[in-house]
Amino acid sequence: MLAAVVFVVTVLVVGGLVFLAGAVLLGRGESQPPADPDRSPVELPDDRPVTADDVRGLRLSVTARGYRMTEVDWLLEQLARTIEERDGELTALRARLDAVPRDDAPAGPGTNGAAAGA
């Protein structure tokens, strides 16, 4: 009977210590205050377009539960803006290219030869 009581007490103590360690390491469920979305330790260039190497060089802060959501959200918003700007520039350049008359288009293989032979 004494062995059963010691076993139950030991299981309760070990379970309590595991719970306490988890609560200390992972927190008690409080949420962090939202970070300022205009300020982030993640840096992208403001004076030139973002390049693939800029994105590859980024390092996000790691917390106990993963990456900081505000940093990831900020980074995705910056990349989305950059992609929108480039898409707009590409659309404008393609429209300008389509508006240019094409007088110097190469002739097809049968165009000159067929006229000369007839």
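By convention here, each chain's residues receive numbers from 1 onward along its written sequence. Residue-level local features of this predicted model are given only where pLDDT is at least 70; pairs of side-chain atoms are given and counted only at 80 or more, and the full residue set underlies all totals for whole chains, interfaces and linings. In computing side-chain values, all of the structure's heavy atoms are included and hydrogens and water are not.

**Q** Help me out: how do you make sense of the overall build of the protein chain in this one?
**A** Numbered from the N terminus, helices here are DSSP runs of H or I no shorter than four residues, and strands are runs of E no shorter than two. Scanning the protein chain from terminus to terminus reveals four helices and two strands. Each helix and strand of the protein chain, ordered N terminal to C terminal, gives the series α-α-β-β-α-α. In the protein chain, the proportion of contacts linking residues at least 24 apart, taken out of those at least 6 apart, comes to 57%. On the protein chain, roughly 10300 Å² of surface is accessible, and the fraction owed to carbon and sulfur atoms is 63%. It only takes one pair of heavy atoms within 4.5 Å for two residues to be counted as in contact. Accessibility throughout is a Shrake-Rupley quantity obtained with a 1.4 Å probe, and a residue counts as covered only by protein chains that appear here.

**Q** Please clarify how a nonpolar patch on the surface should be interpreted in this entry.
**A** Patches in this entry comprise residues that are over 30% relatively accessible and not in a salt bridge; like charges within 9 Å are linked, as are nonpolar side chains (Val, Leu, Ile, Met, Phe, Trp, Tyr) within 5 Å. By salt bridge we mean one thing: a side-chain nitrogen of Lys or Arg within 4 Å of a carboxyl oxygen of Asp or Glu. Taken together, the side chains of Met1, Val5, Val9, Val13, Leu17, Leu20 and Val24 present a nonpolar region at the surface, about 740 Å² in accessible area. A simple rule labels every residue: compare its accessible area, found with a 1.4 Å probe on the protein chains alone, to the largest value its type can have, and call it buried under 20%, exposed over 50%, or partly exposed in between. On the basis of relative accessible area, Val9 is assigned to the partly exposed category, the value being 44%.

**Q** Sorry if this is basic, but what is going on with the layout of surface pockets here?
**A** Over the atoms rolls a probe the size of a water molecule, and its path tells where empty space is left. Residues are said to line a cavity or pocket when one of their atoms sits within 4 Å of a point; the points come from a 1 Å grid over protein atoms alone, cavities being sets where a 1.4 Å probe fits but cannot get out and pockets being open sets with protein on both sides within 12 Å along at least five of seven lines. Grid points are joined across faces, edges and corners, and a volume is the space filled by probe spheres set on the points. What the second largest pocket holds in volume is close to 240 Å³. In this structure, the second largest pocket is lined by Leu44, Pro45, Asp46, Arg48, Pro49, Val50, Gln78, Arg81, Thr82, Glu85, Arg86 and Glu89. Each residue belonging to the lining of the second largest pocket can be placed in one class, and the counts come to four nonpolar, two polar and six charged. Following the grouping adopted for this structure description, the nonpolar residues are Ala, Val, Leu, Ile, Met, Phe, Trp, Tyr, Cys and Pro, the charged ones are Asp, Glu, Lys and Arg, and the polar ones are all others, Gly among them.

**Q** So what exactly am I meant to see when it comes to a negative patch on the surface here?
**A** On the surface, a cluster of negative charge is made up of Glu84, Glu85, Asp87 and Glu89. Its place among the elements puts Asp87 in helix α3 (residues 69-99). Classification of Asp87 by relative accessible area gives partly exposed; the value is 43%. In this tally, Lys and Arg are treated as positive and Asp and Glu as negative; His is ignored, and so are the chain termini. For the purpose of locating charges, the reference atoms are NZ of Lys, CZ of Arg, CG of Asp and CD of Glu.

**Q** Which parts of the structure should I look at to understand the confidence of the model for the protein chain?
**A** Low pLDDT means the predicted atomic positions in that stretch should not be read closely. This prediction gives the protein chain a mean pLDDT of 76; 74% of its residues lie at or above 70. For every residue, the predictor reports its confidence as pLDDT, a number between 0 and 100. For the protein chain, the element scoring lowest by mean pLDDT is helix α4 (residues 111-117), at 52; helix α1 (residues 2-26) scores highest, at 89.

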